[in-house]
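Below are the chains, spelled out letter by letter.
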Amino acid sequence: MRSKNSYSFFIRGAALCGVALLSFLSCSSTTADSSNNENPGNGGGNVTGDPVQVWLTKGDQSVKLQQQSDIHFTTGSGSGSNIEVDPAQVFQTVDGFGYTLTGGSVEVINQLSAAKKQELLNDLFGSSGIGVSYLRISIGASDLNSQVFSYDDLPAGQTDPALAQFNLTKDQALIQMLKDILMINPTIKILATPWSAPVWMKDNGNSIGGSLKPEYYGVYAQYFVKYIQQMKNQGITIDAITPQNEPLHPGNNPSMYMTATDQATFVKNHLGPAFQAANISTKIIVYDHNCDNTTYPLSILNDAAANPFVDGSAFHLYAGDISALGNVHNLFPNKNVYFTEQWTSSTGEFSGDLDWHMKNVIIGSMRNWSKTALEWNVANDASFGPHTPGGCTQCKGAITVTGSTSYDKNVAYYIIAQASKFVPAGSKRIASTQSGNLSSVAFITPSNKKVLIVQNSGSISQTFHIKFNGNTASATITAKSAATYIF
């Protein structure tokens, strides 16, 4: 996950991408009571036009993912700030919004009573909840597991080049929860990522750092094949893999260092051909690290032998600028880009995290051609565990499980929810303009709904007009708030 010295204040202060995110209507009512709605009427216009649903999250936490009174389109042009939505300009298709379901997340969710656990899973993944449509999982342990493991662990000095002892036993709880989630959302897509190869394949024999020995490239490719096949036997389809989480960050536990040259060699000579031979259609997505180094994925995409096996590149934003995704897309428009991880910290503050993540992770990644926008871990306990020795001690999940019948929803829940609840997989990004402190991204859904996400990063409320097909709808959005408009 995050680099060791990444902190929430650094992230919020890091380069704010020029493409940004959703800041929402300044309504403060709940679904049941909209008498205090900050969008009364329609800015004095005729309210008989087509309605626009409004869902709001305020940075001050007084309103969190609550539906407000509808606003309406009128025939006037409106004065002041405008955000124009143009469905004639269509960009990428969205695979989904979501999180990484870590082993630690599974462990704490399983501490809930059966009824409360089902309530949470329905809320996260159900159509009546926030509709999370994409999950990332670890191949073996991540640093947010309670212990380090791979699927072929051996006593020191032993090797298993035939992978005769490969098994998924230590991930049975994760597998069962994925089955439970698939019962709720059978079409959810899953990306799988290793934090490390089995230590006997590494040149340092350790779960922390080290590199894959060249003589085990072929064996490790078969390790992926076995993993995908055995997950399929469990009824779980792995849509995509990345060869290595954060390949340039070898200090985590577990972790493994993998240069771009080594990853290209692994993909073109071993992993790609192994998938081909086994008739595996799982996508191979390279890199899976920060936006400050586009040379890494571009060098693999520029490798004529590796390129045909590669679906695209994955990014995190603990360094660099979100525009890196668009830069890579522009150079290889036939390859996809994905945003696969961003943490929220136990020391972070709701308003600042909502603002930064909405602008960068949701709006920014989507405006830069990403097919996914994923926050980090789904859940943790009140002590921000479990984690491996040396793993992240400050990672704040979307959910904090506080007892067998209770849990809290944290800022990452609302960051993803402002998009996932309204933008299902298969939606397409369409054009939207931006205005001053208002960042935006727009979509057309498979059911032909238009969805506009707006983030107000300013210090005061702002009134603006949604322009669509020659009509306008007047809206007001509070400072540091995110709003989603559906019409």
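Numbering of residues starts from 1 in each chain and follows the order in which that chain's sequence is written. Local features in this predicted model are restricted to residues whose pLDDT is 70 or higher, and side-chain atom pairs enter the listing and the counts only when it is 80 or higher, whereas totals over whole chains, interfaces and linings include all residues. As a rule here, side-chain values cover all heavy atoms of the structure and leave hydrogens and water aside.

Asks: Please clarify how the sheet that holds strand S14 (residues 406–409) should be interpreted in this entry.
Replies: Two strands qualify as a pair provided that DSSP identifies no fewer than 2 bridges between them. The helix count covers DSSP runs of H or I at least four residues long, the strand count covers runs of E at least two residues long, and both are numbered beginning at the N terminus. Read from one edge of the open sheet, three strands run S12-S13-S14, paired in mixed fashion. On the outer flanks of this sheet lie strand S12 (379–381) and S14, each paired with one strand and no other. For this sheet, the mean angle separating the axes of adjacent strands, direction not counted, is 30 degrees. Here strand S13 (residues 399–403) runs beside S14; their pairing, made up of four bridges, is antiparallel. For every element, the axis is a line fit to its C-alpha atoms; helices are fit only across the contacting stretch, and the angle between N-to-C directions ranges from 0 to 180 degrees.

Asks: Before we go on, may I ask you to explain the state of the cysteines in this structure?
Replies: The bond known as a disulfide is covalent and runs between the sulfur atoms of two cysteines. A pair of cysteine sulfur atoms is labelled a disulfide when the two atoms are within 2.5 Å. Inspection of every chain in the model, using the stated rule, returns one disulfide. In this model, Cys 392 is linked to Cys 395 through a disulfide, with the two sulfur atoms separated by 2.2 Å. Handedness here is read from the sign of the S-S torsion; for Cys 392 and Cys 395, about 105 degrees, the answer is right-handed. In this pair, the class of Cys 392 matches that of Cys 395, namely buried. Relative accessibility under 20% of the residue-type maximum defines a buried residue, over 50% an exposed one, and the middle range a partly exposed one, all with a 1.4 Å probe and only protein chains included.

Asks: What is the right way to look at helix H6 (residues 260–277) in this model?
Replies: Note: α-helices contain 3.6 residues per turn, so residues at a spacing of three or four share the same orientation. In this analysis, the expected span of each helix is defined as 1.5 Å times one less than the number of residues it contains. With 18 residues, H6 extends 24 Å between its outermost C-alpha atoms, agreeing within 8% with the 26 Å of an ideal straight helix rising 1.5 Å per residue. In H6, a bend of some 45 degrees at Val 267 exceeds every other bend along the element. Considered for burial, the residues of H6 that qualify are Ala 260, Gln 263, Ala 264, Phe 266, Val 267, Leu 271, Gly 272, Ala 274 and Phe 275. Should any heavy atoms of two residues lie within 4.5 Å, those residues are counted as being in contact. The inward-facing, buried residues of H6 contact helix H5 (217–233), strand S7 (240–241), strand S8 (283–290) and helix H7 (295–301). Immediately beyond the C-terminal end of H6, within one or two residues, lies Asn 279, with a positive phi of roughly 60 degrees. At every residue, the bend is computed as the angle between two fitted axes, covering the seven residues ending there and the seven beginning there respectively.

Asks: Explain the packing of aromatic side chains here, please?
Replies: We describe a pair of aromatic rings using the distance from one ring centre to the other and the angle between the two ring planes. Any two of the Phe, Tyr and Trp rings considered here, Trp counted by its six-membered ring, make a pair once their centres fall within 6.5 Å; the pair's planes then place it as stacked at under 30 degrees, edge-to-face at over 60, or tilted in between. This structure, assessed with the given rule, holds 23 aromatic pairs. Centroid distance Trp 195 to Trp 376: 5.8 Å. Interplanar angle 20 degrees. Geometry classified as stacked. Of this pair, Trp 195 sits in the loop between strand S6 (189–194) and H5 while Trp 376 is found in strand S11 (residues 370–377), placing the two residues 181 residues apart along the sequence. Here Trp 195 matches Trp 376 in class, with each residue buried.

Asks: Please explain the pairing of S6 as it appears in this structure.
Replies: On any regular strand, side chains alternate: one points to one face of the sheet, the next to the other face. Within S6, five of the six residues are buried, which leaves it mostly tucked inside the rest of the structure. The sheet contact formed by strand S5 (residues 134–139) and S6 spans six bridges and is parallel. Opposite Ile 137, over in S6, you have Ala 192 as the bridge partner. Crossover handedness for the path S5 to helix H4 (residues 172–184) to S6: right-handed. Whether a crossover is right-handed depends on one test, that the path from the first strand over the helix to the second runs clockwise when the strands point away from the viewer.

Asks: Is there a simple way to explain the sheet that holds S7 in this structure?
Replies: Strand pairing within a sheet occurs via backbone hydrogen bonds; the two strands may be parallel or antiparallel. On the basis of which strands lie adjacent, the closed barrel formed by eight strands has the order S4-S5-S6-S7-S8-S9-S10-S11 and parallel pairing. In terms of strand pairing, strand S4 (residues 96–100) meets S11 through four bridges, oriented parallel. Considered in S11, the bridge of Phe 97 is made with Ala 373. Against the sheet, H6 touches S7 and S8, its axis set at about 155 degrees to S8. Strand contacts of helix H8 (residues 323–331): strand S9 (312–316), strand S10 (336–341) and S11, with the helix running at about 155 degrees to S10, the strand carrying the most contacts.

Asks: Whenever I open this one, unusual backbone geometry confuses me. Can you help?
Replies: A negative phi angle characterises most non-glycine residues, just as the trans form characterises most peptide bonds. The step from Asn 253 to Pro 254 runs through a cis peptide bond, and the omega angle for that step is 0 degrees. Inspection of the secondary structure assignment puts Pro 254 in the loop between S7 and H6. Of note, the amide linkage connecting Gly 385 to Pro 386 takes the cis form, showing an omega dihedral of -5 degrees. Although it is not a glycine, Leu 163 sits at a positive phi angle of roughly 55 degrees. Position of Leu 163 among the secondary structure elements: in the loop between S5 and H4. Residue classification places Leu 163 among the buried residues on the basis of a relative accessible area of 3%.

Asks: How do you make sense of the pairing of S4 when you look at a structure like this?
Replies: For S4, a buried count of five out of five residues is recorded, marking the element as mostly surrounded by other parts of the structure. Judged from the three bridges that link them, S4 and S5 form a sheet pairing that is parallel. In the sheet register, Gly 98 faces S5, and the bridge partner there is Tyr 134.

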